[in-house]
Amino acid sequence: MLILGIETSCDETGVALYDTEHGLLAHALFSQIDMHADYGGVVPELASRDHVRKLLPMCDQVLERAGRTRGDIEGIAYTAGPGLIGALMVGGSVAHALGFALGIPVLGVHHMEGHLLAPMLEENPPAFPFVALLVSGGHTQLVRVDGIGAYEMLGESVDDAAGEAFDKAAKMLGLDYPGGPRVAALAEQGTPGRYKFPRPMTDRPGLDFSFSGLKTFTLNTVHAAQKEEGTLSDQTRADIALAFESAVVDTLMIKCRRALEQTGCDRLVIAGGVSANRRLRASLEKMAGKHDAHVFYARPEFCTDNGAMIAYAGAQRLAAGQRDGERIVAVPRWPM
Ligand code: KG4
Ligand code: ZN
């Protein structure tokens, strides 16, 4: 079955063609980051308008790359939520209009299920069951995965998501949006041990997270350093970035270790934008090595938002007979 996947939940337009027999045939991604940079974050109305401009030409682009035509598509999957309502509506409208015109099934899928299954697109995909750490700009969750749609929530953030904390820490350090990769790059120059940040909620049992205290701790550290130095030196900024990143990474690693112990699983999947973080990957691999466990993740471009993960997740469900009715599904807030 040849599936067209469409992702427009936030500030990336992603399109992909996935074949249930031959795998991923082509994909295209357009990031709106430059457009939103001046505003310090994503402007929803601008995001929707740009998806309108890019989406259909990108659909034709992936078809051309794969040597196929619109008539070859056998099903369409689009991100139905969670996300920005206007942006979601663009993807849903195009998917349903194309599906109606071509007379093929259409299905809205959950954005986080897309992230969760993105490592399945890689060469050695994890077998079920596994524990997944979902770490994106809007979510921090530990999930036990027994199969497509068989998800048990083990723990989640009670306040900010890990990616959100990265983005806010970046702002405090004078870095642009999205902050995660920029904080990580700055931390490369940091001096280990100069600042010691807390590892929130690791001293009590359970698999929930909290990152808002870390945000306050970062702000207080920046203010204290400003009192001492005036304008922060590049070294101090790097030292704070490293202390912050290490605290987030350690906290995530401790909870993942606990989740593996608790479930008895020996496979850990990490997905979502923050799973691109190199220090996080290294820390989880080291921990897994000690527990005879394996860590799975997607290539960096499939860690952040993309069309391939939606095409894959949708293909699994469309092939099993699931489809939308005639209505476009767009759900801004949608628990998985
Ligand atoms: O999954 P994603 O692209 O979008 C959402 O569904 O939210 O995740 C974006 C988040 C942003 O908060 C970004 O700062 C973070 O992922 N991120 C990173 C890295 N790359 C992206 N955080 C830490 N280190 C990275 N290398
Ligand atoms: Zn995402």
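Sequence order sets the numbering: in each chain, residues are counted from 1 along the sequence as written. Lettering for chains starts from A, numbering for ligands starts from 1, and both go in the order in which the items are written. With pLDDT at 70 or above as the cut-off, local features in this predicted model cover only qualifying residues; side-chain atom pairs require 80 or more to be listed or tallied, and sums for whole chains, interfaces and linings still use all residues. With hydrogens and water set aside, each side-chain value is computed from the structure's full complement of heavy atoms.

Please clarify how the sheet that holds strand β8 (residues 150-156) should be interpreted in this entry.
The strands making up a sheet are joined through hydrogen bonds of the backbone, oriented either antiparallel or parallel. Spatially, the 5 strands line up as an open sheet ordered β8-β7-β6-β9-β10, and their pairing is mixed. What marks the edges here is a single partner per strand, and that holds for β8 and β10 (294-297). When the angles between neighbouring strand axes are averaged without regard to direction, this sheet yields 25 degrees. Here strand β7 (residues 140-147) runs beside β8; their pairing, made up of 6 bridges, is antiparallel. Along β8, the bridge assignment pairs V145 with Y151. Throughout, a contact is declared for two residues whenever any of their heavy atoms are within 4.5 Å. Every axis corresponds to a line fitted to the C-alpha atoms, with the helix fit spanning only the stretch in contact, and the corresponding angles, defined between N-to-C directions, vary from 0 to 180 degrees. The way it works is that DSSP assigns letters per residue, a run of H or I at least four long becomes a helix, a run of E at least two long becomes a strand, and they are numbered from the N terminus. Contacts between helix α8 (residues 234-263) and the sheet are confined to β6 (130-135), β7, β8 and β9 (267-271), with β6 contributing the most and set at about 155 degrees to the helix. By definition, two strands form a pair when at least two bridges between them are found by DSSP.

Explain the packing of helix α6 (residues 179-187) against α8 to me, please; I cannot follow it from the model alone.
How two helices pack is summed up by the angle between their axes together with the distance between the axes. Where α6 meets α8, the closest approach of the two axes is 7 Å, and the angle between their N-to-C directions is 115 degrees. Crossing handedness for the pair α6 and α8: left-handed. Taking contact as the criterion, the partners of V183, A184, L186 and A187 in α6 are, on α8, R237, A238, A241, L242, F244 and E245. Only Asp, Glu, Lys and Arg are considered charged, only Ala, Val, Leu, Ile, Met, Phe, Trp, Tyr, Cys and Pro nonpolar, and every remaining residue, Gly among them, polar. Tallied by class, residues from the contact of α6 with α8 come to 8 nonpolar, no polar and 2 charged. Left-handed is the label given to a crossing in which the near helix is rotated counterclockwise from the far helix by less than a right angle, and right-handed is the label when the rotation is clockwise.

Can you walk me through the coordination of the zinc ion (ligand 2) in this structure?
Geometry sets the ideal angles at a metal, namely 109.5 degrees for four tetrahedral donors and 90 or 180 degrees for six octahedral donors. With water excluded from the atoms, a metal site may look incomplete; its donors are any N, O or S atoms within 2.8 Å, or within 3.2 Å for Na, K and Ca. Taken together, the protein donors to the zinc ion (ligand 2) comprise H111 (NE2), H115 (NE2) and D305 (OD), at separations of 2.0 to 2.1 Å. Square planar and octahedral sites, with four and six donors, are those where opposite donors lie more than 155 degrees apart and all other angles lie between 65 and 115, tetrahedral sites have four donors with every angle between 85 and 135 degrees, and the rest are irregular. In this structure, the zinc ion (ligand 2) is coordinated by 4 donor atoms arranged in tetrahedral fashion, with angles at the metal of 95 to 133 degrees. All donors of the zinc ion (ligand 2) belong to a single chain; written as a sequence motif, their spacing is H-x3-H-x189-D. Here H115, found in helix α4 (residues 111-117), pairs with D305, found in the loop between β10 and α10 (307-319); they are 190 residues apart in sequence, far enough to count as distant.

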